[in-house]
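Take a look at the letters that make up each chain.
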There are 2 protein chains.
Amino acid sequence: MKEIQSIKNQTIKDVKKFHQKKHRDQQNKYLLEGYHLVEEAVLAGIIIDTVFIDQKGYELYHDWLVEQEIDTYLVSHDVLKNLSELPTPQGIVALVNKQNVVVESYRGAWLLLDGVQDPGNVGTLIRTADAAGFSGVILGDGTADLYSSKVLRSMQGSNFHLPIISGNLIERIKHFRSAGIPVYGTELNKDALPYKKVTPVRDVAIVLGNEGQGVSQAVLSLTNQNLYIPIYGKAESLNVGIAGGILMYHFVNEMNN
Amino acid sequence: MKEIQSIKNQTIKDVKKFHQKKHRDQQNKYLLEGYHLVEEAVLAGIIIDTVFIDQKGYELYHDWLVEQEIDTYLVSHDVLKNLSELPTPQGIVALVNKQNVVVESYRGAWLLLDGVQDPGNVGTLIRTADAAGFSGVILGDGTADLYSSKVLRSMQGSNFHLPIISGNLIERIKHFRSAGIPVYGTELNKDALPYKKVTPVRDVAIVLGNEGQGVSQAVLSLTNQNLYIPIYGKAESLNVGIAGGILMYHFVNEMNN
């Protein structure tokens, strides 16, 4: 196994460039941390470029890495800390190829994110869409990058469970509508309908918006109906992740019970 | 207006001690950041000890501070940054007296947190309980401190809208049950009941647990019924904040629609 002890090593310098979205987009690769997520990637058939582990990671995962025939570097604790973007590094960082997502059908329930900026919110929403049995998630312009470390961390591997694609929401919504699939926007507007008034259907698209601005007017004007979640107390609004959870489970429960 | 330019100033050193829970508990005070939250505190009748503002905050809030007769220090940007626990300081930090929460009735819906550790989760859950019109929240042992900066930030002032108390959950649950109020625990156990099977009632207590361990066995054994949220996809679990949002809106919607 190859070893790297210095953070000035050129390979390490090159790999650190993947902390930047631009570089991830150019190279079509990203960094994944933690054994659990790396294992999920392998199980999902994702091609792993290289793995960096520290001594502790080596002891824990060596046999598995050999078995998977993954190109591995044993690195010092300092080097691993340098590569890691987590407060507490997990002992393993992998350079991973982005998935080539092929969507076979836009049937079922889809979640559309219109400029959701906070990576924790985006990751949690994808994890919840996975839990709720949604068919996929579409990330519109201005939404946090799927491959940023915070999104990956809060998503907990759900990107390996359902298709997540980036795309222009306007075009995508027109596509849903021409296929006869209802599209529901969300807004904090009393002209919108309380979500419980909508009878869930199997094929549906739900749009959630930016933390401060909500769903853009351009998108809201293209939906079949816009929904709101009533506020019964004195809070000004709900966190977008929470709002998404309430709406997704409203739509999915009825389908499955 | 008094001025402080140095982070070595004794007043600043003393105030920084409130970053520690132990000191907050001893003094019964905490630090609150941002104009919006400080304004909410004043409107809620909370006694403000002292306010520290930088030049920008001074220009924006000076008239309001004079009007409120709040003891104010104009401080350098460095001093404010030193006092602040936010990634982006908001120009105003207030030393605030903890509320003396008096609960008049345990009727209505209550949220009980059993060792929820992540401050962002605790803050979001309280904000959601507020939005859902809950009567109050009880923080059990091991739950993140209400007055930590991350809880305050994600709570967005909801602590000024509904009573939040700390207490022993075992005793509190016995109290609810002896008053004939149903207590629902949550667990990822198929022996539990899917939450949709429970018909909401006006008076209710819902218990959510630790991110990794869930609700403790001691608590689960005292509830009327334990509930779970079905997972339809491949995610292993839901974030506790999301689970709380789904459950609270299940119980509250039915009451109000």
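The name recorded for chain A in an unreviewed UniProt entry is RNA methyltransferase, from Candidatus Enterococcus avicola. What the UniProt record of chain A gives under Sequence similarities (unreviewed entry) is the line "Belongs to the class IV-like SAM-binding methyltransferase superfamily. RNA methyltransferase TrmH family."

This part takes up unusual backbone geometry. Non-glycine residue Glu69 of chain A carries a positive phi angle of around 55 degrees. Tracing the backbone shows Glu69 of chain A in the loop between helix H4 (55-67) and strand E4 (72-75). Assessed through its relative accessible area of 72%, Glu69 of chain A is described here as exposed. You will see that Gln156 of chain B, though not glycine, has its phi angle at about 50 degrees, which is positive. For Gln156 of chain B, the position within the fold is in the loop between helix H7 (149-155) and strand E8 (164-166). For Gln156 of chain B, a relative accessible area of 41% puts it in the partly exposed group.

Once that is clear, we can look at the domain arrangement of chain A. Put simply, an interface is often sized by how much accessible area is lost when its parts join up. All names here are of chain A. Split into domains, chain A comes out as domain 1 (2-97) and domain 2 (109-256). Here the C-alpha centre of domain 2 lies 32 Å away from the C-alpha centre of domain 1. On the side of domain 2, 11 residues touch domain 1, which itself brings 13 residues to the contact. Carbon and sulfur atoms supply 63% of the area buried between domain 1 and domain 2, which totals about 1,000 Å² over both sides. When the area that domain 1 buries against domain 2 is broken down by residue, the three leading residues are Tyr30, Leu37 and Glu40, summing to 42%. Across the contact surface, domain 1 and domain 2 share one salt bridge. Note that Asp145 is salt-bridged to Arg24, the shortest N-O span being 2.7 Å. Of all the secondary structure elements, the ones that give two or more residues to the side of domain 1 that touches domain 2 are helix H2 (21-27), strand E2 (29-33) and helix H3 (35-43). Its residues assigned to classes, the side of domain 1 that touches domain 2 shows nine nonpolar, no polar and four charged.

Cut-off values and rules
- Residues numbered from 1 in each chain as written.
- Chains lettered and ligands numbered in written order.
- Predicted model: local features only at pLDDT ≥ 70, side-chain atom pairs only at ≥ 80, totals over all residues.
- Heavy atoms only, no water.
- UniProt positions renumbered as here; feature names shortened; annotations may be inferred.
- Helix = DSSP H or I, 4+ residues; strand = E, 2+ residues; numbered from the N terminus.
- Buried < 20%, exposed > 50% of the residue type's maximum accessible area, 1.4 Å probe, protein only.
- Domains from an automatic or database assignment.
- Contact = heavy atoms within 4.5 Å.
- Buried area = accessible area lost by both parts, 1.4 Å probe.
- Salt bridge = Lys/Arg side-chain N within 4 Å of Asp/Glu carboxyl O.
- Nonpolar A, V, L, I, M, F, W, Y, C, P; charged D, E, K, R; others polar.

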